[in-house]
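Single-letter residue listing:
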Amino acid sequence: IAFDGRLNRIRAIDSLSASRPFPTEDVDALAYAEHAEIRQVAVAALGQALQRTTLETIVHAVTDTNAEVRIQALKALAELREPSTLQVSLGALEDARWEVRSEAARTCGVLGQGGAAEALGRLLQDPAEWVRHNAALGLIKCGPQGVVTLRAAAAKGIDSASAALAEARLAPVEETPDRAG
């Protein structure tokens, strides 16, 4: 299935991640398979199924030789929302492939820690538009440090920063515990 096109890989990921009981050991082993397509499916399924026990495997996949596996690993880290993975996500911001840098920026934003603000701010100058876009959106989630970085970039005429600030102003206010009644 993993070799039979992107749509079938997505179906395999969805089927595996929905399996109950989840075959943790088997899927974890597949994340180290010889073929990149199999590793890609396995890592994505581990993330979608929220398998925290395999966090080490997912973190290892962030440095895989295949860009698609690295992207799936970053998506899995975003799904797991594990703050301890921020450093590996920050490291992926330096990847040679813009697709990986873009996903790493999104993941750093999901983790939403102020510690990512400086690195995401540097990506506002990246040559790839999607990297700049995801870095700007990630900065919004980095709290006050991210907003300061975006405002400074917007003042310099960086369009992605201005767009993210505008989008944040238009977004509905997220419900917080003290507003929940």
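Everything here concerns the structure above.
None of these values were measured; they are calculated from a predicted model.

Conventions and cut-offs
Residues numbered from 1 in each chain as written. Predicted model: local features only at pLDDT ≥ 70, side-chain atom pairs only at ≥ 80, totals over all residues. Heavy atoms only, no water. Helix = DSSP H or I, 4+ residues; strand = E, 2+ residues; numbered from the N terminus. Contact = heavy atoms within 4.5 Å. Areas by Shrake-Rupley, 256 points an atom, 1.4 Å probe, with all protein chains shown as cover. Axes fitted to C-alpha atoms, helices over the stretch in contact; angles between N-to-C directions. Parallel < 35°, antiparallel > 145°, perpendicular 65-115°, else oblique. Nonpolar A, V, L, I, M, F, W, Y, C, P; charged D, E, K, R; others polar. Core = buried A, V, L, I, M, F, W, Y, C linked by side-chain atoms within 4.5 Å. Buried < 20%, exposed > 50% of the residue type's maximum accessible area, 1.4 Å probe, protein only. Expected span 1.5 Å × (residues − 1). Arc of directions from axis to C-beta.

J.: Can you help me understand the overall build of the protein in this one?
T.: Looking only at helices and strands, the protein has eleven helices and zero strands in total. Walking the protein from its N terminus toward its C terminus, one meets helices and strands in the order α-α-α-α-α-α-α-α-α-α-α. Put simply, 59% of the contacts in the protein that link residues at least 6 apart link residues at least 24 apart. About 10,000 Å² of surface is accessible on the protein, with carbon and sulfur atoms providing 52% of the total.

J.: How do you make sense of the packing of helix 9 (residues 129-140) against helix 10 (residues 144-155) when you look at a structure like this?
T.: Axis angle and axis distance: for two packed helices, these are the angle between their axes and the distance between the axes, and together they describe the pair. Where helix 9 contacts helix 10, the axes come no closer than 7 Å and their chain directions differ by 135°. Between helix 9 and helix 10, the angle falls in the class oblique. Note on element contacts: helix 10 touches helix 9 through Gly146, Val147, Thr149 and Leu150, opposite Ala136, Leu139 and Ile140. Partitioning the contact of helix 9 with helix 10 into residue classes produces five nonpolar, two polar and no charged.

J.: So what exactly am I meant to see when it comes to the environment of Thr53 here?
T.: You can see Thr53 is positioned in the loop between helix 3 (36-48) and helix 4 (55-61). Measuring from C-alpha to C-alpha, the distance between Thr53 and Glu25 comes to 9.7 Å, with 28 residues separating the pair along the chain.

J.: In this structure, what is going on with the nonpolar core? I would like to understand it.
T.: Grouped together as the largest cluster of nonpolar side chains are 48 residues, with contacts concentrated most on Leu93, Leu120, Leu124 and Leu150. Ranked by the residues each element gives to this core, the list is headed by helix 5 (residues 67-80), at eight residues. Beyond its immediate stretch of four places on either side in the chain, Leu150 contacts Leu124, Ala136, Leu139, Ile140, Ala161, Ala164 and Leu165.

J.: What is the right way to read helix 10 from this model?
T.: An α-helix turns once per 3.6 residues; consequently, residues spaced three or four apart project the same way. Here helix 10 is twelve residues long and its end C-alpha atoms lie 16 Å apart, about the 16 Å a rise of 1.5 Å per residue gives. Of all the residues in helix 10, the buried ones are Gly146, Leu150 and Ala153. Along the axis of helix 10, the buried positions cluster into a sector of 65°, meaning they face one direction only. Opposite the buried face of helix 10, at more than 90 degrees from it, the exposed residues are Pro144, Val148, Arg151 and Ala155.

J.: Can you walk me through the packing of helix 7 (residues 98-111) against helix 9 in this structure?
T.: Across the interface, helix 7 lies against helix 9 with an axial gap of 8 Å and an inter-helix angle of 5°. Classified by the interaxial angle, the pair formed by helix 7 and helix 9 is roughly parallel. Here Trp98, Arg101, Ser102, Ala105, Arg106 and Gly109 of helix 7 come into contact with helix 9, specifically with Trp130, Val131, Asn134, Ala135 and Gly138. The class makeup of the residues in the contact of helix 7 with helix 9 is five nonpolar, four polar and two charged.

J.: Looking at this model, I keep getting lost on unusual backbone geometry. Mind explaining?
T.: Excluding glycine, a negative phi dihedral is what most residues carry, and trans is how most peptide bonds are arranged. Residue Leu50 is not a glycine yet carries a positive backbone phi of 55°. Unlike most non-glycine residues, Arg81 shows phi in positive territory, near 50°. One can find Arg81 in the loop between helix 5 and helix 6 (86-92). Judged by its relative accessible area of 55%, Arg81 falls in the exposed class.

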